[in-house]
Amino acid sequence: MTGDSRSTSQAAPGIWQPHDEGDRGGTAEARVPTGLFAGGAELILDVTGVAELSWIVHRAADGVAEVRVESAVASVVRVAWRLPCVAATAFWTPDSGEHRGLPPFWRRPRTVSLEKGAPVGCLVGAGDVSLCAFALREVVGPVTMRTGVVEETGEFGFWAEHEAGPGDALVLRLDLGGRPFSHALADVAAWWAEQWDSRPGVPEVARMPVYSTWYAMQQHVTAEAVERQAAAAKRFGCDTIIVDDGWHSDDRGRGYGYVGEWHPSTTSFPDMSGHVARVRDGGTAYLLWYALPFVGRHTALWDQVQPYALAYKEHMDAVVVDPRHPAVRDLLCGHLARAVNEWHADGLKIDFIDQFVIPDPPPPGPEADCATVTEGVRRLLAELGERLGHRVSSGRVLVELRQPYVSPGLWPYATMIRASDCPLSPAQNRQRTVDLRLVAGPLAVHADMLMWHFSESPERVAAQLINVLFAVPQISADLTALTPGQEAALTFWLGFFRRNAAVLQGGVFEPARPDLGYPLVRARDDDTVIVGRYAPLPIEVPPARTLLVANADSSAEVLLDVREACVAGLRVVDCRGRTVSESVLSLTPGVHPVTVPTGGLLELVPRIS
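Per-chain numbering applies: the sequence of each chain, read as written, is numbered from 1 onward. Local features in a predicted model are, by the rule used here, given only for residues with pLDDT of at least 70; side-chain atom pairs are given and counted only at 80 or more, and totals for whole chains, interfaces and linings are based on all residues. Where side-chain values are given, they derive from all heavy atoms of the structure, hydrogens and water being excluded.

Take the packing of aromatic side chains next. Two aromatic rings from Phe, Tyr or Trp, using only the six-membered ring of Trp, form a pair when their centres are within 6.5 Å; if the ring planes differ by under 30 degrees the pair is stacked, by over 60 it is edge-to-face, and anything between is tilted. Inspection of every chain in the model, using the stated rule, returns 20 aromatic pairs. For the pair W192 and W411, a centre-to-centre distance of 6.4 Å together with 75 degrees between the ring planes defines the contact as edge-to-face. Of the two residues, W192 is situated in helix α1 (residues 181–193) and W411 in the loop between β22 (398–402) and β23 (416–418); the sequence distance between them amounts to 219 residues. Comparing W192 with W411 shows no difference in burial state: the two are buried. Connected via pairs of aromatic rings, a cluster forms that spans W247, Y256, W262, W289, Y290, F294, W343 and F352. Its guanidinium or amino end placed over the ring of F105, R146 lies 5.7 Å from that ring's centre, counting from NZ or CZ. As a reminder, the over-ring test applies to NZ of lysine and CZ of arginine, requiring each to be within 6 Å of the ring centre and within 35 degrees of the ring normal. The ring of Y534 carries R430 above its face, with NZ or CZ at 4.5 Å from the centroid. Numbered from the N terminus, helices here are DSSP runs of H or I no shorter than four residues, and strands are runs of E no shorter than two. Here the term buried applies to any residue with accessible area under 20% of the maximum for its type, exposed to any over 50%, and partly exposed to those in between, with areas from a 1.4 Å probe on protein chains only.

With that settled, consider the nonpolar core. Buried Ala, Val, Leu, Ile, Met, Phe, Trp, Tyr and Cys residues that are joined via side-chain atoms within 4.5 Å together make up what is termed a nonpolar core. One finds W192, W247, Y286, L469, I475 and W493 to be the most contacted residues of the largest nonpolar core, which totals 137 residues. Take this core: its biggest share by element is 8 residues, from α1. Any two residues whose heavy atoms approach within 4.5 Å at even a single point are treated as in contact. Those residues within four positions of W247 in sequence are excluded, and the remaining contacts are V221, W262, H263, P264, S265, F269, M272, L288, W289, Y290 and W343. Ranked by size, the runner-up nonpolar core spans 34 residues in total, among them A28, V32, A65 and F158.

Relative to the assigned elements, A427 resides in helix α8 (residues 426–439). For A427 and R338, which are 89 residues apart along the polypeptide, the C-alpha to C-alpha distance reads 38 Å.

One can find K349 in strand β21 (residues 347–351). Excluding residues within four positions of it along the chain, K349 makes contact with I242, D244, L287, L288, W289, Y290, E400, R418 and M449.

On to the packing of helix α9 (residues 458–467) against helix α10 (residues 484–499). Contact geometry for α9 and α10: axes closest at 8 Å, N-to-C directions at 25 degrees. Regarding the angle of α9 to α10, the classification is roughly parallel. In this structure, α9 crosses over α10, and the sense of that crossing is right-handed. Across the interface between the two elements, P458, V461, A462, L465 and I466 from α9 touch G485, Q486, A489, L490, W493, L494 and F497 from α10. Residues were grouped as follows: Ala, Val, Leu, Ile, Met, Phe, Trp, Tyr, Cys and Pro as nonpolar; Asp, Glu, Lys and Arg as charged; and all remaining residues, including Gly, as polar. A per-class count over the contact of α9 with α10 returns 10 nonpolar, 2 polar and no charged. The convention used is that axes are lines fitted to C-alpha atoms, helices contributing only their stretch in contact, and that angles between N-to-C directions extend from 0 to 180 degrees. Convention used here: angles under 35 degrees read as roughly parallel, angles over 145 as roughly antiparallel, angles from 65 to 115 as roughly perpendicular, and any remaining angle as oblique. Two helices cross in a left-handed way if the nearer one is turned anticlockwise from the farther one by less than a right angle. They cross in a right-handed way if the turn is clockwise.

Next comes the structure, spelled out in structure tokens:
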């Protein structure tokens, strides 16, 4: 379907929208039929802009439409729609800080861009179906969106807007097909991936367990301590070590007043190349941490970068530098590339890209070569890729990013993405990694680092690992000071991650109940179903496939929901991998309880009669 608009005035009578700019005056307005149906009626989009609009609606799949809107002149174009809010349970976004209820439509709109967030959302209904999944093709420039319950009508309202013009359309993907929400979001990620000529290379090492120094050592890192932990981590099954803050300075006062020069501490890392080589010779990949946007007050660069400052972060004791300037990009890229090209590290942990988002940034200086900070960030990352010989896109250099900078526009510049910080919070780590998995596309999803008190029980250590079962675990505890029980739990579960990585990370991914923080998560392939159990919910037994149930809940009675009669071999192991029970079961349709201790694993293997 195609069409054109006529100039009219915009109005939304009876709907309270206190954060809107109000009547734009003299706008062009169009009613665009989508060919999709909700609540028994065809969904009609309200499209507005300041000039004549034209549109094309393409039926992409059953229940899915792609709407392309162009404006006669470059200007902001908005597309809006409302659905009956019937049987809705949650509104999903990739921002794990969002509550999972149904927000009000009158709340302040949110803006996402390359540096923060992603232009996607999903209204989830009972049974975990997608009532409406939407995404926009614009994944670099800013997109502003509002979503929520319209109190006046009992509907759920949506609008999204960004600048569009001739040959540069607003492209909206709408999915009203009523499929599982995880499947609808996986299709969004695949749709975004169509923009790139080739997908980023993600080598196997990016999907294997990692050791991080951050929680274990904070800034108190030394070459000797890193090498000691790297050797221990390798024995437990970690293939990579990430050396976090502290390597570049002798300061141990937290904050970022000493970042920006990125010279190894002569006290703690007197021979960085030799140190990196020793770790790598032990079979461990090596990544170095960088706080990309910051230059600290106590560095020799402080006065030099003042003309290029976007903002001063007083609580961080640093400025955010302006990537619109080629001199800034050259400075930052030179520092980061040195780790790989000179010290022969395997990659970079790039932190704080979201800090480039500055409300009302100053006008670009005379040396700037682009108008927006977002474009400056894009050029910065592209130039870094060039400095690294484009080895990130091929997977030969590892680059870790982190929530909340989750835009698919960053995919060409990374190999993995990590959940934002949530120390000792298993439920948050689970929700954040699941959120990332749903729309991370080709990138490997990593958990926030796991830490625990030295007196923690093996069962709770195992429960933490199970909470991030469907992501890459990062461990950040002193591996030379574990109790025997902690050692056994870590060895067992990291071994499980490694043996089952193909299903856990590459299988069909189906988390349940986003409104409850994903109390049950499942991944499956043709032969195996793996379930993470985080609450006392029944677990469906798949016919003719191996079922593995990892129990992180404190309740040991696992209810197996059998739909088809079968004979299966049952084995239960505890958090250390020790067999608790073993038997052959004749399972009839119905619910069957099995005792699985916290931190333990149930294995149910069908027997062929």
